[in-house]
Amino acid sequence: EVQLVESGGGLVQPGGSLRLSCAASGFTFSSYEMNWVRQAPGKGLEWVSYISSSGSTIYYADSVKGRFTISRDNAKNSLYLQMNSLRAEDTAVYYCARATSWARGYYFDYWGQGTLVTVSS
Amino acid sequence: QSVLTQPPSVSGAPGQRVTISCTGSSSNIGAGYDVHWYQQLPGTAPKLLIYGNSNRPSGVPDRFSGSKSGTSASLAITGLQAEDEADYYCQSYDSSLSGPGYVFGTGTKVTVL
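What comes next is a walk through the structure. (Residues numbered from 1 in each chain as written. Chains lettered and ligands numbered in written order. Predicted model: local features only at pLDDT ≥ 70, side-chain atom pairs only at ≥ 80, totals over all residues. Heavy atoms only, no water.)

Points about the overall build of chain B
We apply this condition: Strands here are runs of E lasting at least two residues and helices are runs of H or I lasting at least four, both read from the DSSP assignment and numbered beginning at the N terminus. Only C-alpha atoms enter the radius of gyration, while the globule expectation follows 2.2 Å times N to the 0.38, with N the number of residues.
Summing up its helical and strand segments, chain B has zero helices and nine strands in all. Along the chain direction, N to C, the helices and strands of chain B fall in the order β-β-β-β-β-β-β-β-β. A compact globule built from 113 residues should have a C-alpha radius of gyration of about 13 Å, and chain B, at 13 Å, falls within 12% of that. Over its C-alpha atoms, taken along the principal directions, chain B stretches across nearly 40 × 25 × 25 Å.

Here's the deal with the packing of aromatic side chains
The following threshold applies: Stacked, tilted and edge-to-face are the three classes applied to pairs of Phe, Tyr and Trp rings, where Trp contributes its six-membered ring and a pair requires centres within 6.5 Å; stacked means planes under 30 degrees apart, edge-to-face means over 60, and tilted covers the rest. Three exposure classes are used, based on accessible area relative to the maximum for each residue type with a 1.4 Å probe and protein chains only: buried under 20%, partly exposed in between, and exposed over 50%. Throughout this description, the term charge over a ring refers to an Arg CZ or Lys NZ atom that lies within 6 Å of the ring centre and within 35 degrees of the ring normal.
Considering all chains together, one arrives at 18 aromatic pairs over all chains under this definition. Note on Trp-102 of chain A and Tyr-107 of chain A: the rings are 6.1 Å apart at their centroids and 65° apart in plane angle, and the pair reads as edge-to-face. Ring plane angle 90° and centroid distance 5.2 Å describe the contact between Trp-102 of chain A and Tyr-51 of chain B, whose orientation is recorded as edge-to-face. Taken together, the residues span two chains, with Trp-102 of chain A in strand S9 (residues 92-102) and Tyr-51 of chain B in the loop between strand S4 (47-50) and strand S5 (64-69). On the accessibility criterion, Trp-102 of chain A (28% relative accessible area) is partly exposed. Taken together, the ring pairs in this structure connect Trp-47, Tyr-95, Tyr-106, Phe-108 and Trp-111 of chain A together with Tyr-38, Tyr-102 and Phe-104 of chain B into an aromatic cluster. The ring of Tyr-80 of chain A carries the charged tip of Arg-19 of chain A above its face, separated from the ring centre by 4.0 Å. Just above the ring of Phe-27 of chain A sits the side chain of Arg-98 of chain A; from NZ or CZ to the centre is 4.8 Å.

Considerations on the pattern of salt bridges
Residue and element names in this part refer to chain A. The test is simple: Salt bridges are defined as contacts in which a side-chain nitrogen from Lys or Arg sits within 4 Å of a carboxyl oxygen from Asp or Glu.
Summed over all chains, the structure comprises six salt bridges over all chains. Linking Asp-90 and Arg-67 is a salt bridge whose minimum nitrogen-to-oxygen distance equals 2.7 Å. Taken as a pair, Asp-90 in the loop between strand S8 (78-83) and S9 and Arg-67 in the loop between strand S6 (58-60) and strand S7 (68-73) lie far apart in primary sequence, 23 residues in all. Taking relative accessible area as the criterion, Asp-90 reaches 0% and is therefore assigned buried. The salt bridge partner of Arg-98 is Asp-109, with a shortest N-O separation of 2.7 Å. With Arg-98 in strand S9 and Asp-109 in strand S10 (residues 105-111), the pair connects residues that are 11 residues apart, well separated along the chain. Grouping residues by exposure puts Arg-98 and Asp-109 together as buried. Three or more residues are tied together by salt bridges with common partners; here these are Arg-38, Glu-46, Arg-67 and Asp-90.

Here it is as structure tokens:
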């Protein structure tokens, strides 16, 4: 059974840092692209960051570029998101999501349960 | 920024059929890129409902169906049930975006009357 379990969320002051983790199991982690997707309270889904299966290709949404860093450790079946210079607008539930290639594009076939990040003084 | 537009809400009585539209443009759905749908039950993570416009993952009831035409896609729920009350999101690829080009719809809340 595929499982994605996020951790590391919490309350942080504006300008602070937080590191999220996502532990994967039930599939060959090193074969899949992974993503972070967030959802602000009462709002829709927003893609945050992408990392290729090997970690060699990385993308960020403009809203987090220069502040967030995605990484993975295939030996530990883990995905990470280092978040620096946090702002109030980064407050959201952060999901890790596995991407599966389709004929034209990707879809997210498995999601973690999410971890809440609250940026507030 | 969402470039796929969905109605904020739709509702129906148990047993009825409801449809949710997902309207895009020539750089995403209209360019032939496929549409995928997710269901988010209250307080839970999104779950893949439809992939590749009309394909259901194992375990998804056949009362859920998807279609695509032109610059729009639709999700239909036939025989609406109380447990279908949730938020629904479409997702596609947009060639005008940098990176992997993921784009989500604005989301639709389905209410079972």
